[in-house]
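# Fold and contact review
Each chain, letter by letter, is given below.
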Amino acid sequence: MTAPVLPPPVCVEDYRRLARLRLDQDVWDFIEGGAETERTLGANRRAFERVTLRPRVLVDVSHCDTRTELLGAPLATPVGIAPTAYHRLAHPEGEVATALGAGTAGALYVVSIFASRTLEDIAAAATGPLWLQLYWLRRREVLAALVDRAAAAGFRALVLTVDAPRLGRRHRDARNGFAIGSGISAVNLDAALMASAHRADPGRSALAVHTAEAVDPSVTWSDLAWLRARSSLPLVLKGILTAEDALLAVEHGADAIVVSNHGGRQLDGATASLDALAEVVDAVGADCPVLFDGGVRGGTEVFAALALGARSVLLGRPVLWGLAAAGAAGVAGVLELATEELAHTMALTGRPGLAAVDRSAVVLRKGL
Ligand SMILES: Cc1cc2nc3c(=O)[nH]c(=O)nc-3n(C[C@H](O)[C@H](O)[C@H](O)COP(=O)(O)O)c2cc1C
Ligand SMILES: CC(C)CC(=O)C(=O)O
């Protein structure tokens, strides 16, 4: 039987269909899945259905400008790449292809600590800003070495993910006994740390076991001073959902915050990411940039998050769909489609510049 031929993608969701044809079921489940009942995963998407836009008319929208700046780096678009692990599961070139795609689109790329290509190879392929996402490893000397390597390779910020002291209970991965195939590895960690991620065990996710071994769940706010002292790179905290933690983040010297529930993969029952955004933006004020991720699948949704106060909107799964579908070109395709759709929404709402994409542009009704 020949594989079905799909028409070229006209929206981000079309890349999902292309990716589905190329990926094995267990990898697909790892990418698509969420924690437990996947209630928060679904809530992230449904929150956007409660947004309505308030268009203004008779504004000159002959040029809609999506350019922006983050932590001093100019960007062609506020749409960026959220950190996701093991890109070689989606494409043989892995994170190098992702970096090439980000460069084509002029987008920020946040590289996962579990990248399957070296930081140096990724940096060599990149033409735009790279940030490195970290989990707080039990072995601080490994973390310290990684931070030094990132600075030497030209990474411009560290993104500490704070919503995963242990991995969410992901039923799909547990049922699949999901493990990382032997040819793929988190090559920036030392090999000894990887053994458990490769050990397939029916009824258990090898990644949950691996995370429990590698990540230090005892870390608290006071430990951040160690990381700040260890590196002069700006520090971004990813996985904040409340005003209380946003204020603590600023108090402890965070240079930016990512409002995120980890794409519904961690705490099932956590608030939809979009519902937490305005609360966090209001808490930190204008001095601390707030980035956003969770459930964004197109430019209208990017627009909604920007209007609610995000400075940048990161895509997780859609970038993996693009990567699986067409490598670097697919990554660029996803980012460029989302950016074109954003410009389109800016035109039809009468807001030709990002400064005008403010709360007057949206209404977010409360969820149940
Ligand atoms: C397959 C996959 C792997 C991920 N790996 C990481 C990771 O290594 N570090 C991290 O901070 N977040 C990770 N995330 C979470 C993303 O950074 C992001 O928060 C989430 O995917 C955003 O939601 P979206 O997929 O709906 O865009 C991962 C998400 C997916 C889907
Ligand atoms: C390898 C995993 C721990 C990466 C992750 O954060 C995720 O899958 O959500």
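Per-chain numbering applies: the sequence of each chain, read as written, is numbered from 1 onward. All chains are assigned letters beginning with A, and all ligands numbers beginning with 1, in the order in which they are written. A pLDDT threshold of at least 70 governs which residues receive local features in this predicted model, and a stricter bar of 80 or more applies before side-chain atom pairs are shown or counted, although totals over entire chains, interfaces and linings include all residues. Side-chain numbers come from the whole structure's heavy atoms, not from hydrogens or water.

The protein chain is annotated in an unreviewed UniProt entry as Alpha-hydroxy acid oxidase from Streptacidiphilus alkalitolerans. What the UniProt record of the protein chain gives under Cofactor (unreviewed entry) is the line "FMN". Quoted verbatim from the Sequence similarities (unreviewed entry) field of the UniProt record, the comment on the protein chain reads "Belongs to the FMN-dependent alpha-hydroxy acid dehydrogenase family." UniProt positions are given in the numbering used here, feature names are shortened, and annotations may be inferred rather than shown by experiment.

Our next topic: the site of ligand 2. Residues are labelled near a given molecule or strand when at least one of their non-hydrogen atoms is within 4 Å of it. Neighbouring residues of ligand 2: F30, A85, Y86, F114, Y135, L167, R170, L207, T211, H262 and R265. Polar contact criterion, stated in full: a pair of N or O atoms within 3.5 Å, where within protein one must be able to donate a hydrogen and the other to accept it, and residues adjacent in sequence count only if both atoms are side-chain atoms. One of the side-chain nitrogen or oxygen atoms of H262 is found 2.8 Å away from an oxygen atom of ligand 2. Within the contact set of ligand 2, an oxygen atom lies 2.8 Å away from a side-chain nitrogen or oxygen of R265. With the chains in place, 93% of the 280 Å² that ligand 2 exposes on its own is no longer accessible. Residue type decides the class: Asp, Glu, Lys and Arg count as charged, Ala, Val, Leu, Ile, Met, Phe, Trp, Tyr, Cys and Pro as nonpolar, and the leftover types, Gly among them, as polar. When the residues that make up the shell around ligand 2 are grouped by side-chain class, the tally is seven nonpolar, two polar and two charged. Note on areas: Shrake-Rupley, 1.4 Å probe, and residue coverage restricted to the protein chains presented here.

Before going further, it helps to examine the site of ligand 1. Neighbouring residues of ligand 1: 23 residues in total, closest P83, S112, T161, D293 and R297. In the model, a nitrogen atom of ligand 1 is placed 3.1 Å from a nitrogen or oxygen of the Q133 side chain. Protein burial of ligand 1: of its 610 Å² of free accessible surface, 98% is covered by the chains. Each helix corresponds to a stretch of at least 4 residues labelled H or I by DSSP, and each strand to a stretch of at least 2 residues labelled E; elements are numbered beginning at the N terminus. Of all the secondary structure elements, the ones that give two or more residues to the shell around ligand 1 are α2 (25-32) and α13 (317-348). Classifying every residue of the shell around ligand 1 by side-chain character gives eight nonpolar, 10 polar and five charged.

For the rest of this paragraph, the subject is the nonpolar core. Soluble globular proteins: nonpolar side chains tend toward being buried together. Grouping buried Ala, Val, Leu, Ile, Met, Phe, Trp, Tyr and Cys residues that are joined through side-chain atoms within 4.5 Å yields what is termed a nonpolar core. Partly exposed describes any residue whose relative accessible area lies between the buried limit of under 20% and the exposed limit of over 50%, with all areas from a 1.4 Å probe on protein chains only and scaled to the type maximum. Grouped together as the largest cluster of nonpolar side chains are 111 residues, with contacts concentrated most on Y86, L134, L277 and F292. Residue contributions to this core peak at 13 residues, all from α13. We call two residues in contact when some of their heavy atoms are within 4.5 Å. Those residues in contact with Y86 that lie beyond four places of it in its chain are E95, F114, A115, S116, I180, I184, S185, A186, M194, A197, L207 and H210. One finds L70, W131, A157 and L314 within the second-largest nonpolar core, a separate group that totals 13 residues.

This part is about the packing of aromatic side chains. Two rings from Phe, Tyr or Trp (for Trp, the six-membered ring) form a pair when their centres are within 6.5 Å of each other. A pair whose planes differ by under 30 degrees is stacked, one over 60 is edge-to-face, and the rest are tilted. Counted according to the given criterion, the structure contains five aromatic pairs. Here the aromatic rings of F30 and F178 are separated by 5.1 Å at their centres, their planes lie at 20°, and the arrangement is stacked. On the criterion of sequence distance, the pair formed by F30 in helix α2 and F178 in the loop between α7 (171-176) and α8 (206-214) is long-range, its members being 148 residues apart. Each member of the pair F30 and F178 is classed as buried. Between F48 and F292, the ring centres sit 6.4 Å apart and the planes meet at 80°, which makes this aromatic pair edge-to-face. In this pair, F48 is assigned in the loop between α3 (39-47) and β1 (51-53) and F292 in strand β10 (residues 290-293), connecting sequence segments 244 residues apart. Classification of F292 by relative accessible area gives buried; the value is 0%. Taken together, Y86, F114 and Y135 form an aromatic cluster joined through their ring pairs. The rule is short: NZ of Lys or CZ of Arg within 6 Å of the ring centre and within 35 degrees of the ring normal puts a charge over the ring. Stacked on the ring of W226, the Lys or Arg R140 has its end atom at 5.0 Å from the ring centre. In this arrangement the basic side chain of R265 is found over the ring face of F30, its NZ or CZ atom lying 5.0 Å from the centre.

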